[in-house]
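# Structural overview
Read off the chains here:
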Amino acid sequence: MKLKMTALLAFAAVAMFATAAQAGQTIVIISKSLQNQFYQASFKGAEDAGRELGVRIVVNGPDAESNIPQQVEQVQAAINQKPDAIVLAACDPEAVQDALVKAKTNGIPVIGFDSGVPGDTSGAVVATAATNNENAGAFVADNLADYDVFQAKIKAGTEAAPATVAVLAQDSTSGSIVQRTDGFVNQMKKRIEAMDPGLKGAVSIGGQTNWDVPSEKPAKVKIVVTVPPTTTPADIQAVGSAMLMVPNTAAIFAANQDAVNGFISVTADATELDRTKGRYKDLIVVGFDAGSNQKDAVRSGAFYGSVTQDPYRMGYEAIRMAVDAANGKKVTDIDTGAKWYNSKNIDDPDIAVLLYD
């Protein structure tokens, strides 16, 4: 029976491959940044899915996430090429709406991946393969709040000298960054207020209009979100340097790979975060995503830990969904998950496979 079932599954896989290959389908995948390591891992997943399904994969993306006009042009060009489907992580969801209306008119289904296209009004986006970023941000907050050293720093905050939890958010327009920051600040406020009766109502959220929740009582803890003027490395690094100067900072959360890389740069490749002799040895830093620099910082203990998404699965599932949508099948959103890693588990097989370079 087992052999028979295996044979049937193998036959079904071959049949699926043959159907797609005969169709000669083309899927265009457009990221928010072509060279970003996260998206390179997504492209690998997409290309592997394309090979399995027998479809042609075309990858594209702007030279930086802030180059919104370039991405809009790429989306428009892709629609003009009339692919069978488009996979998209929009730098600015509103900026691509006109192009997506054209995609809808031309019968080209769009699958979101990573941040996707939140708030899409065109009807072209039929489903998204992504991390639930609000849950992932809350996951970072929970792991940080469970750390006894962090708890001691928070409880030491007073009205005269509030403890600060800082967030370096790369931008305030990307759906994934906004949702991730929302999840982190809201869960962090909840967890801090539960640490001590004296902290109930004494935690404020501020720094940006998108994140502005005054405390009910004089603040003993401040959660401060900072967004650089652009997503360029220079602006991210400038903000990171300024954050290091804020007194009574208990911890800093760098909310994506580019924010992490910027923060590592301003701390001399994280050597200034060395837990025994670094200039900022008492500062607790947590990150998001992976990349070689971040993995090194986590492995050395300079970073307390980070949360990783599964970019490979995002790309893979997005292409699978795109092929289904192109073939007229119904598709639904997929949460591709997130995991916490630190110096203790970074080399575990189930974690290491998610940590792209």
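Quick summary incoming for the structure in this document. Residue numbering note: each chain is counted from 1, following its sequence as written. Owing to the predicted nature of the model, reporting of local features is limited to residues with pLDDT of at least 70; listing and counting of side-chain atom pairs is limited to 80 or more, with chain, interface and lining totals taken over all residues. The side-chain numbers reported here are obtained from all heavy atoms of the structure, hydrogens and water having been left aside.

## Comments concerning the packing of helix α5 (residues 133–145) against helix α7 (residues 175–193)
In this description, a line fitted to the C-alpha atoms serves as the axis of each element, helices being fitted only across the stretch in contact, and the angle between N-to-C directions of two axes falls anywhere from 0 to 180 degrees. Helix and strand definitions follow DSSP, with helices as H or I runs of at least four residues and strands as E runs of at least two, each counted in order from the N terminus. Contact geometry for α5 and α7: axes closest at 6 Å, N-to-C directions at 35 degrees. As α5 runs across α7, the sense of the crossing is right-handed. Only Ser176, Gln179, Arg180, Gly183, Phe184, Gln187, Met188 and Arg191 of α7 make contact with α5, whose side of the interface consists of Asn133, Glu134, Gly137, Ala138, Val140, Ala141, Asp142, Leu144 and Ala145. Its residues assigned to classes, the contact of α5 with α7 comprises seven nonpolar, six polar and four charged. Left-handed describes a crossing in which the near helix is turned anticlockwise from the far one by less than a right angle; the clockwise case is right-handed. In what follows, a contact means two residues having at least one pair of non-hydrogen atoms within 4.5 Å. Gly counts as polar in this scheme, as do all residues outside two lists: the nonpolar Ala, Val, Leu, Ile, Met, Phe, Trp, Tyr, Cys and Pro, and the charged Asp, Glu, Lys and Arg.

## Some remarks on the environment of Ile351
Within the secondary structure, Ile351 sits in helix α12 (residues 349–352). Only protein chains enter the accessibility calculation, which uses a 1.4 Å probe; a residue is then buried when its area is under 20% of its type maximum, exposed when over 50%, and partly exposed in between. Classification of Ile351 as buried rests on a relative accessible area of 4%. In the structure, Ile351 is positioned 43 residues away from Thr308 in sequence and 8.5 Å away in space, judged by C-alpha atoms. When sequence neighbours within four positions are dropped, the list of residues in contact with Ile351 reads Lys339, Trp340, Tyr341, Asn345 and Ile346.

## Let's talk about the sheet that holds strand β4 (residues 110–113)
Two strands are counted as paired when DSSP detects at least two bridges linking them. Strand order in this open sheet of six strands is β2-β1-β3-β4-β5-β13, and the pairing throughout is parallel. Either end of the sheet is taken by a strand with one partner, and the two such strands are β2 (56–60) and β13 (334–335). Sheet topology note: the strand β5 (residues 125–130)/β13 ladder contains two bridges and is parallel. Along β13, the bridge assignment pairs Ala129 with Ile334. Packing against the sheet, helix α2 (residues 37–53) makes contact with β1 (26–30), β2 and β4, and its axis sits at approximately 165 degrees to β2. Docked against the sheet, helix α3 (residues 68–80) engages β1, β2 and β3 (85–88), running at close to 175 degrees with respect to β1.

## Some details on the pattern of salt bridges
A side chain of one charge can pair with a side chain of the opposite charge if their charged atoms are brought near each other. A carboxyl oxygen of Asp or Glu within 4 Å of a side-chain nitrogen of Lys or Arg is what we treat as a salt bridge. Within this structure, the stated rule accounts for 12 salt bridges. A salt bridge links Asp142 to Arg191; its shortest N-O distance comes to 2.9 Å. Remark: Arg191 occurs in helix α7 and Asp142 occurs in helix α5; sequence separation between them is 49 residues. On the accessibility criterion, Asp142 (22% relative accessible area) is partly exposed. Here the salt bridges share partners, and the residues they tie into one network are Arg313, Glu317, Arg320 and Asp324.

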